[in-house]
Amino acid sequence: MRLISVYEYKQAEIYLYALLKERPEYASISHRVFPTWEEHLAFIDGHPYAAWYLIDFLGTILGAAYLPHAREVGWFLFVEPPRRGFGSRALALLRE
């Protein structure tokens, strides 16, 4: 497993938008209303987090992890594949 910077991965915005679509409305801290594609791109371009990564496992993007400026940690994984401790492993990589 590895973390790849959102800003260095081609088509990261596509994966991030797909993650937003899967996220329950109550779990969205970055958007109160689901953003348009253009709003989504502007959000990414604004570099809203201190660090922002896609979670990659053997060439498959599983989700995203981010470090807001408020000394917090956030992550969200796609519903598929089933959970296998990927979130915990991604958090361990963030600490490195």
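Here goes a summary of the coordinates provided. It should be emphasised that the depicted structure is a prediction, and the values quoted were computed from it without experimental measurement. Per chain, residues are indexed from 1 in the order of the written sequence. Per-residue local features are limited, in this predicted model, to residues with pLDDT of at least 70; the limit for side-chain atom pairs, both in listing and counting, is 80 or more; totals at the level of whole chains, interfaces and linings are taken over all residues. Side-chain measures were taken over the full set of non-hydrogen atoms in the model, leaving aside hydrogen atoms and water.

When you go through the chain residue by residue, the secondary structure sums to three helices and four strands. Elements are defined by DSSP. Helices are runs of H or I of four residues or more, strands are runs of E of two residues or more, and each kind is numbered from the N terminus. When the helices and strands of the chain are listed from N to C terminus, the series reads β-α-α-β-β-β-α. The buried share of the chain, reckoned over its 96 residues, is 36%. Contacts were defined at the residue level, with two residues in contact if any of their heavy atoms lie within 4.5 Å. Intrachain contacts of the chain at a sequence separation of at least 6 include 48% that bridge at least 24 residues. A 1.4 Å probe and the Shrake-Rupley method give the accessible areas. Residues count as covered only by the protein chains that appear here. Carbon and sulfur atoms make up 53% of the accessible area of the chain, which totals about 6,200 Å². Three exposure classes are used, based on accessible area relative to the maximum for each residue type with a 1.4 Å probe and protein chains only: buried under 20%, partly exposed in between, and exposed over 50%.

Next up on the list: the pairing of strand β4 (residues 74-77). By the bridge criterion, four bridges tie strand β3 (residues 60-67) to β4 in an arrangement that is antiparallel. In the sheet register, Ala64 faces β4, and the bridge partner there is Phe76. We call two strands paired when DSSP finds no fewer than two bridges between them.

Attention now moves to the sheet that holds β3. Read across the sheet, four strands follow the order β1-β2-β3-β4 without closing on themselves; strand pairing throughout is antiparallel. The open sheet terminates on both sides in strands that have one partner only, identified here as β1 (2-5) and β4. Within the sheet, the average angular offset between the axes of one strand and its neighbour, ignoring direction, is 30 degrees. Of the pairings in the sheet, the one linking β1 to strand β2 (residues 51-57) comprises four bridges and is antiparallel in character. By the bridge assignment, Ile4 is partnered in β2 with Leu54. Geometry is summarised by axes, namely lines fitted to C-alpha atoms with helices restricted to the contacting stretch, and by angles between N-to-C directions that run from 0 to 180 degrees.

For the rest of this paragraph, the subject is the packing of aromatic side chains. The rule is short: rings of Phe, Tyr and Trp, with Trp giving its six-membered ring, pair when the centres are within 6.5 Å, and they are stacked under 30 degrees, edge-to-face over 60, tilted in between. Summed over all chains, the structure comprises eight aromatic pairs. Taking the centre distance of 6.0 Å and the plane angle of 75 degrees together, the rings of Phe43 and Tyr49 count as edge-to-face. Accessibility expressed as a relative area gives 12% for Tyr49, which makes it buried. Note on Tyr49 and Tyr66: the rings are 4.5 Å apart at their centroids and 25 degrees apart in plane angle, and the pair reads as stacked. A residue pair is termed long-range when its members are at least 10 positions apart, and Tyr49 in the loop between α2 (37-45) and β2 and Tyr66 in strand β3 qualify at 17 residues. In terms of burial, Tyr49 and Tyr66 fall into one category: buried. Here a set of aromatic residues connected by ring pairs shows up, and it is made of Tyr7, Phe43, Tyr49, Trp52 and Tyr66. Ring-over charges, as used throughout, are those where CZ of Arg or NZ of Lys falls within 6 Å of the ring centre and within 35 degrees of the ring normal. Cation over ring: Arg23 sits above Phe76, and NZ or CZ is 4.9 Å from the ring centre.

As a further point, take the pairing of β2. Burial analysis of β2 places five of its seven residues in the buried class, the great majority of the element. In terms of strand pairing, β2 meets β3 through seven bridges, oriented antiparallel. The residue of β3 that forms the bridge with Trp52 is Tyr66.

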